[in-house]
Amino acid sequence: MTLLLLFILYAIGLNAGLARSGLRSVAKISAMSPGRPLTRVLIVGATGGTGRQLLAQALKRGYVVTALVRTPGKLSIEDPHLTVVQGDVLDRSTVEKAVRGQDAVISALGHKRFFVPARILSEGTRNILSAMETHGVRRFVCETSLGIGDIVGRMGLYYTLFVTPVILPLYFWDKIRQERLIAASNLEWVIVRPAVLTNAKMRGTHRCGRRIGSYLWTARIARGDVADFMLKQLTDNSHLGTAVGVCW
């Protein structure tokens, strides 16, 4: 019983820390001068679950897409409007090469090193932001997660009291660093915080905002619907400068 109580206190303390240290994005930013339409898009993390959906949907919508991936063999899509750049997001020169000439960058960057300290998300994002500012690429849409900042606890009790404190604490702390770097940039940015991701069929509907999800039940959304929402942020200015939660 004592161990259980200590664990519950740890879980509550961790989530309080994720809320206190995380980004609280309430002030929107204005779009820069329109310039030319956003037609050339770099997708980072294109071999992941959301990344694959982003890639397929972006090509279907007519975007000219570049995918920055470590292992090109994991991509099964071939398209005349797709360019694949092999490399690591932690390699500045590779990121510079991929970002140059783009109109926007969409990141679904992730990894599975949950149980060791890692700064892949934050350092990789730092390289992306630096390259974008160097080459005048103005719009950045980045996937993070519910469960941090001002949406702590809204993935449901199972995630709040077990998954986050046991599996994801180090991962989420790096997401907090990642979000803070984005918010400190001079770009047009949107942070998309999805609920628990599934491979279910797209519904074509979602709820978004700072008060979505549930404190009790596990909040979910299909990766396809997240990709759809992220791509819409290339032309929709209503969420610029905010970290917006999205779920069914």
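Being a predicted model, the structure only gives us computed values, none of them experimental.

## Section: the overall build of the protein chain
Per the secondary structure count, the protein chain includes 7 helices and 10 strands. Oriented by its inertia axes, the alpha-carbon framework of the protein chain measures out at about 60 × 35 × 35 Å. A burial count over the protein chain gives 53% of its 248 residues as buried. Sequence-distant contacts, at least 24 apart, represent 78% of the contacts inside the protein chain between residues at least 6 apart. When the accessible surface of the protein chain is totalled, it reaches about 11700 Å², and 56% of it is carbon and sulfur. Computed over 32 positive and 16 negative side-chain charges, the separation of the two mean positions in the protein chain equals 6 Å.

## Details of the sheet that holds strand β8 (residues 207-209)
Ordered by their spatial adjacency, 8 strands build an open sheet running β3-β2-β1-β4-β5-β6-β10-β8, and the pairing between neighbours is mixed. Each edge of the open sheet is held by one strand with a lone partner, namely β3 (82-86) and β8. For this sheet, the mean angle separating the axes of adjacent strands, direction not counted, is 20 degrees. Relative to the sheet, helix α4 (residues 120-135) contacts β1 (40-44), β4 (104-107) and β5 (139-143), its axis offset from that of β5 by approximately 170 degrees. Running over the sheet, helix α7 (residues 223-232) touches β4, β5, β6 (188-194), β8 and β10 (242-247) and is turned about 160 degrees from β5.

## Quick word on the packing of aromatic side chains
As enumerated under the stated definition, the model contains 3 aromatic pairs in all. Here Phe114 and Tyr171 contribute two aromatic rings whose centre-to-centre distance is 5.2 Å and whose plane-to-plane angle is 90 degrees, an arrangement assigned as edge-to-face. In this pair, Phe114 sits in the loop between β4 and α4 while Tyr171 sits in helix α6 (residues 169-183), placing the two residues 57 residues apart along the sequence. The class of Phe114 is partly exposed, set by a relative accessible area of 22%. What makes Tyr171 buried here is its relative accessible area of 12%. Each ring, one from Tyr158 and one from Phe162, has its centre 5.7 Å from the other, and the planes form 25 degrees; the classification is stacked. Pair noted here: Tyr158 and Phe162 are both in helix α5 (residues 157-166), with a separation of 4 residues, about one helical turn. Accessibility expressed as a relative area gives 47% for Tyr158, which makes it partly exposed. Aromatic rings pair up to connect Tyr158, Tyr159 and Phe162 into one cluster. Positioned above the aromatic ring of Trp248 is the side chain of Arg203, whose terminal nitrogen or guanidinium carbon lies 3.6 Å from the ring centre.

Thresholds applied
Residues numbered from 1 in each chain as written. Predicted model: local features only at pLDDT ≥ 70, side-chain atom pairs only at ≥ 80, totals over all residues. Heavy atoms only, no water. Helix = DSSP H or I, 4+ residues; strand = E, 2+ residues; numbered from the N terminus. Buried < 20%, exposed > 50% of the residue type's maximum accessible area, 1.4 Å probe, protein only. Contact = heavy atoms within 4.5 Å. Areas by Shrake-Rupley, 256 points an atom, 1.4 Å probe, with all protein chains shown as cover. Lys, Arg positive; Asp, Glu negative; His and termini not counted. Charge placed at Lys NZ, Arg CZ, Asp CG, Glu CD. Pairing = 2+ DSSP bridges. Axes fitted to C-alpha atoms, helices over the stretch in contact; angles between N-to-C directions. Phe/Tyr/Trp six-rings, centres within 6.5 Å; stacked < 30°, edge-to-face > 60°. Lys NZ or Arg CZ within 6 Å of the ring centre and 35° of its normal.

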